[in-house]
Structure formats: structure tokens, C-alpha cells
Amino acid sequence: MNQPAAPSGLKRVLGVRGLTLFGLTYLAPVAVFTTYGTVTQITKGHLPSAYVVALVVMLFTAISYGRMARAYPTAGSAYTYTQQTFGGHVGFMTGWTLMLDYLFLPMINFLLIGIYLNSQFPAVPQWAFTLAALLVVFGLNILGITVMSRVSVAVVGASVVLILVFVALALKHLSGHPSPAPFEVFTPGAGVFTGAAVLALSFLGFDAVSTLSEEAKEPRRDIPRAIVLTTLIGGLLFVLVAWMGGLAHPGYDDFANPDTAGVDIMAALGGAAFETIFVGIYVIGAFGSAMTTQASVSRILYSMGRDGVLPKRVFSLLHPRFKSPIFAVSVVSVVSLVALFISLDNAVVMVNFGALIAFSMVNLTVIKHYIVDGGRRSAGDLFHYGLLPLVGFALTVWLWTSLEGVTFAVGLVWMALGLLYLTGLTRFFRRRPPVMTFSDADPVTT
């Protein structure tokens, strides 16, 4: 039976299970090893503690995303929520800033695929693996969300199996090499909050779920549930893997290469065979994450194109058969070609700035939409729509101030470019920027 399409033309085919699997694939539970070496060094061995801090902060923000997804069940994520709540100018700048992270996330995954496969097959250049992965992901995104949902099941399944085997091997290792202080890695330490700010990137999966509102069967019900489930399940998996890794390999400054720290840990626990299995599943996870990150940013570009913030004739195009935003997907693929020339260190510093700004704004939109504009002032409303998002906002700003200087520099330059574009779009602010209209549902305040 064919699922009804949203008025935009996107197909409504995803329930809570599919949405959560999409979010977890985006998170890529094995991606804990993406920044494992770097953040372990930043926190001086307190990586699990940094993940706990990041998880707590992100749960508050995930709840706020759920509130706004219920109010505005359309594609566009933080861009949509701020645009409808604070106006077109603020909405544009929020979407533009968040796009910095979204545009580079697929590129980071393609880079990781090349790095890890090249470590196993050094005769094949890294760029060849990167380019091959990019082309396959491009094809899957054109085929549409139904195909990607099926791939997500396999990716999450393989990741969970790897994590279970890893935990079992880590516990076996600890039985012969007991740790004198198994919970020491959870204590506060130098660099924990800086590390948590970097790890905020790991939780972008819940934001990605909100971009699929026009492909969800029951968006007002299913999107908020999937957002919280994605954050909680993914965060707990991150903490578990970081904890076991810290106990099995307590050293934090002796990795052969911080970019591939996971290879060192797996080889120590299970030998060369398990190292090879790990690389294989890690690459599958990175592939799945690349697929879903590209799907999410293409929906944001499509949404901004549909309402004229970006050139409408091209960015609002859907494939006539697969109903996927074909031009937006192509743009993301072209940007991802930078992965053929850039290092992982340089790529990573480009992200997180936009995500934390978007998270901050979404927390504020809840207060504005429900309390200021919606007039909900009972004690319960003030707690749910006032206190909780205010705490989420404060915690997010706290992480934001922990970012490194180079991340601020890249982020501020990107924001300046966005402001210049907005200035031209509105003819020096004499015209209002285009405002998204909702043909499938009116905003709600309940």
C-alpha cells in the first residue's frame, strides 16, 4: 500500500522505529572511535566523563527539539523553528550556521572511510576509497528515504554486534588485568568540558530526526519520541564504549595515531583478526552515517529552497520518480569532494560551532513559542516550557564557551558570509526574507 505524501511531495513512510534507526545510524554508535584518541588526550583519560556531560546537555536540548517538532511538523529543523518563532532573519542565520556542520559531516565520514580502509589496504590510495564511498552514498540518497531506512537497519545491527563483542572482550581483559579504580574515568578532570563540547558533534543525530518530519507517518507523535530515544540510546552506547575502552587501554597519550585509536584498542583486545572485523564494521557505520547526514542536510537545503531563501527553481527540485531532493543531494556531494584534499584534523575543527548555536536557539524557541506567544503560564507549563529549555540553553552555552579558538574563527567567518548573503537577499534589510508556509498542518501550542 502506498503511503500518502506530504503536500511538499516527500513520502510519509517512517514510524518511530524507522526514525530512531535513522537517528542511530546518523549517530553511528561505533563513531565513538572517530574522536576517541583526540578527546581522550584532551580529557587526559576522562572520555566517559565528557560523554556523560554531553549526554545530559543534549537530553535537555532533545526535549526542546521534540516540543518544536510537535508544533511545526515540517522539514527544516532548527531553521524552521527559529524562523517561525523569531522571524525570517534569525531563522536564516540559524539555518545558515547549522549548515556549516551539516555540510561537512558527510565529508568527515568519507574521510574516515578512506583513512580506515587505507590502514588495511595501504596499496590503495586513501582518496580512492573516499571517492567510491561518496558516489555510492550519492546514489542511495537519490533512491530515497525508503531504501536508506532499510540500509539503516543493517548498519545499526552491525554496530550493536561490534559493541557487544567489544564489551565482552574488554570485560574478559579486565578479568585478567583488574582495574584498581574502574569508576575513576567518570570523575571530573581537566579538559572534560572542552571534550564535551567536541563530543556535541556526536549527538547531531537527534537534530537529523527532526528534518524528516515530512516523511514521518505521524510527525507530531513520532518525531518527539524518536528524538529522545535516539539521544538516550546513542548517548548510553557512547558512554559504555568509552568506559570499556578506558579500562582496557588506560593510557591516553600512547596511541600510534589518534585518528585510528580504535585500531590500537581492538588489536590489543582481540588481535589482528578482531582489528580487521572492527575496521570493516567501523567503515559500515561511517558509510551509514555519511548516508544519513547527507539525507538530512539535503532536506534542510530543500526546505530553504522551497521557501525561496535559496534559489527555488533548483533547490526545491524533487526527483520525479524517487521524490528525493535531487539538486540538494548533488550540492552536498560536490561539497564532500573536499574530503579528497583535506586532513581529518582540519575537517573536525570546522564543525560544532553551528550545532551548539542551533541547539541554543531551539531551546529559546520553546520559551518564545509556548510561553511568550502561546500564553501558557501554569506551573506545569512554566516547568516544561520554561525551566527545562532554559536549563538546556544555559548548558549549551556553557559547552559553546569551551570550544577551541580555531572553531570560533571558522564559525564566525561562516556567519559573516551568511550575513552578507542575507543582506543581498533582503536588499540591505529593506525587504523581509521569505517565510516558510505550512500547507500540511498549522502550528500548534498544545
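Residues numbered from 1 in each chain as written. Predicted model: local features only at pLDDT ≥ 70, side-chain atom pairs only at ≥ 80, totals over all residues. Heavy atoms only, no water.

A.B. asks: Lay out the pattern of salt bridges with the relevant residues and their values.
C.D. replies: Between side chains of opposite charge, pairing is possible as soon as their charged atoms come close. Going through the model one piece at a time under the given rule, you end up with three salt bridges. A salt bridge links Arg 221 to Asp 222; its shortest N-O distance comes to 2.7 Å. Taking relative accessible area as the criterion, Arg 221 reaches 44% and is therefore assigned partly exposed. With relative accessibility at 2%, the residue Asp 222 sits in the buried group. Between Lys 368 and Asp 373 there is a salt bridge whose closest N-O contact spans 2.9 Å. On the basis of relative accessibility, which here comes to 22%, the residue Lys 368 falls in the partly exposed class. (Salt bridge = Lys/Arg side-chain N within 4 Å of Asp/Glu carboxyl O. Buried < 20%, exposed > 50% of the residue type's maximum accessible area, 1.4 Å probe, protein only.)

A.B. asks: Run through a nonpolar patch on the surface, naming residues and quoting values.
C.D. replies: Residues Val 413, Leu 417 and Leu 420 make up a contiguous nonpolar surface patch of roughly 300 Å² in combined accessible area. Within the secondary structure, Leu 420 is located in helix H17 (residues 405-425). According to the relative accessible area criterion, Leu 420 is exposed, its value standing at 62%. (Patch = residues over 30% accessible without salt bridge, like charges linked within 9 Å, V, L, I, M, F, W, Y side chains within 5 Å. Areas by Shrake-Rupley, 256 points an atom, 1.4 Å probe, with all protein chains shown as cover. Helix = DSSP H or I, 4+ residues; strand = E, 2+ residues; numbered from the N terminus.)

A.B. asks: Go over the environment of Pro 258, please, and point to the residues and values.
C.D. replies: Relative to the assigned elements, Pro 258 resides in the loop between helix H10 (219-248) and helix H11 (261-306). Residue classification places Pro 258 among the partly exposed residues on the basis of a relative accessible area of 24%. Along the sequence, Pro 258 and Gly 37 sit 221 residues apart, while their C-alpha atoms lie 4.2 Å from each other. Residues in contact with Pro 258, not counting those within four places in the same chain, are Gly 37, Thr 38 and Gln 41. (Contact = heavy atoms within 4.5 Å.)

A.B. asks: Can you lay out the environment of Ala 190 for me, pointing to particular residues and giving the numbers?
C.D. replies: Mapped onto the elements of the fold, Ala 190 is located in the loop between helix H7 (145-176) and helix H8 (192-199). Measuring from C-alpha to C-alpha, the distance between Ala 190 and Leu 420 comes to 39 Å, with 230 residues separating the pair along the chain. With sequence-adjacent residues up to four places away left out, Ala 190 is seen in contact with Ile 42, Thr 43 and Lys 44.

A.B. asks: Provide a residue-level description of the nonpolar core, including the pertinent values.
C.D. replies: One finds Phe 33, Tyr 51, Tyr 65, Tyr 116, Phe 166 and Phe 278 to be the most contacted residues of the largest nonpolar core, which totals 127 residues. Tallying contributions element by element places H11 first for this core, with 20 residues. Apart from the residues within four sequence positions on either side, Tyr 65 is in contact with Ser 77, Ala 78, Tyr 81, Phe 206, Asp 207, Ser 210, Ile 227, Ala 358, Phe 359 and Val 362. (Core = buried A, V, L, I, M, F, W, Y, C linked by side-chain atoms within 4.5 Å.)

A.B. asks: Give a detailed account of the packing of aromatic side chains, specifying residues and quantitative values.
C.D. replies: Taken as a whole and judged by the stated rule, the model has 25 aromatic pairs. Geometrically, the ring pair formed by Tyr 65 and Phe 359 is edge-to-face, given 6.0 Å between the ring centres and 85° between the ring planes. Here the residue Tyr 65 occupies a position in helix H3 (residues 47-71), and Phe 359 occupies one in helix H15 (residues 353-373), the gap between them amounting to 294 residues. Each member of the aromatic cluster is reached from another via a ring pair, and the members are Phe 33, Tyr 36, Tyr 116, Phe 166, Phe 278 and Tyr 282. (Phe/Tyr/Trp six-rings, centres within 6.5 Å; stacked < 30°, edge-to-face > 60°.)

A.B. asks: Any chance you could break down the environment of Leu 364 for me, citing the residues and the numbers?
C.D. replies: In this fold, Leu 364 is placed in helix H15. The class of Leu 364 is partly exposed, set by a relative accessible area of 24%. What Leu 364 contacts, discounting residues up to four positions off in sequence, is Phe 86 and Phe 393.

A.B. asks: Could you give an account of the packing of helix H4 (residues 77-86) against H15, with specific residues and numbers?
C.D. replies: Viewed as axis vectors pointing N to C, H4 and H15 meet at an angle of 40°, and their least axial separation amounts to 9 Å. The angle between H4 and H15 places the two elements in the oblique class. Between H4 and H15 the crossing geometry is left-handed. Each of Ala 78, Tyr 81, Thr 82, Thr 85 and Phe 86 in H4 lies in contact with H15, whose residues at this interface are Ala 358, Met 361, Val 362, Leu 364, Thr 365, Lys 368, His 369 and Asp 373. Class assignment for the residues of the contact of H4 with H15 results in seven nonpolar, four polar and two charged. (Axes fitted to C-alpha atoms, helices over the stretch in contact; angles between N-to-C directions. Parallel < 35°, antiparallel > 145°, perpendicular 65-115°, else oblique. Left-handed = near helix turned anticlockwise from the far one by under 90°. Nonpolar A, V, L, I, M, F, W, Y, C, P; charged D, E, K, R; others polar.)

A.B. asks: With reference to specific residues and values, describe helix H5 (residues 88-120).
C.D. replies: The end-to-end C-alpha distance of H5 is 49 Å, a good match for the 48 Å that 33 residues give at a rise of 1.5 Å each. Its maximal kink placed at Met 99, H5 deviates by approximately 30°. Counted residue by residue, H5 has 28 buried out of 33 residues, so it is predominantly covered. (Expected span 1.5 Å × (residues − 1). Bend = angle between axes of the 7 residues up to and from the residue.)

A.B. asks: How would you sum up the packing of helix H1 (residues 16-27) against H10? Please name residues and give values.
C.D. replies: The geometry of H1 relative to H10 is characterised by a closest axis approach of 8 Å and an angle of 40° between their N-to-C directions. Accordingly, the angle class assigned to the pair H1 and H10 is oblique. You can see that H1 and H10 cross each other, and the crossing is right-handed. Where H1 approaches H10, its residues Val 16, Leu 19, Thr 20, Gly 23, Leu 24 and Leu 27 are matched on the opposing element by Asp 222, Ile 223, Arg 225, Ala 226, Leu 229, Thr 230, Ile 233, Gly 234 and Phe 238. Residues of the contact of H1 with H10, tallied by class, amount to nine nonpolar, four polar and two charged.

A.B. asks: Pulling in residues and values, what's your account of H4?
C.D. replies: Along H4, eight of the 10 residues are buried, which leaves the element largely enclosed by surrounding structure. Residues of H4 that are buried include every one of Ser 77, Ala 78, Tyr 79, Thr 80, Tyr 81, Thr 82, Gln 83 and Thr 85, and no others. Tucked inside the fold, the buried residues of H4 contact H3, H5, helix H9 (205-210), H11 and H15. Positive phi appears at Gly 87, one or two residues downstream of H4, with a value of about 105°.

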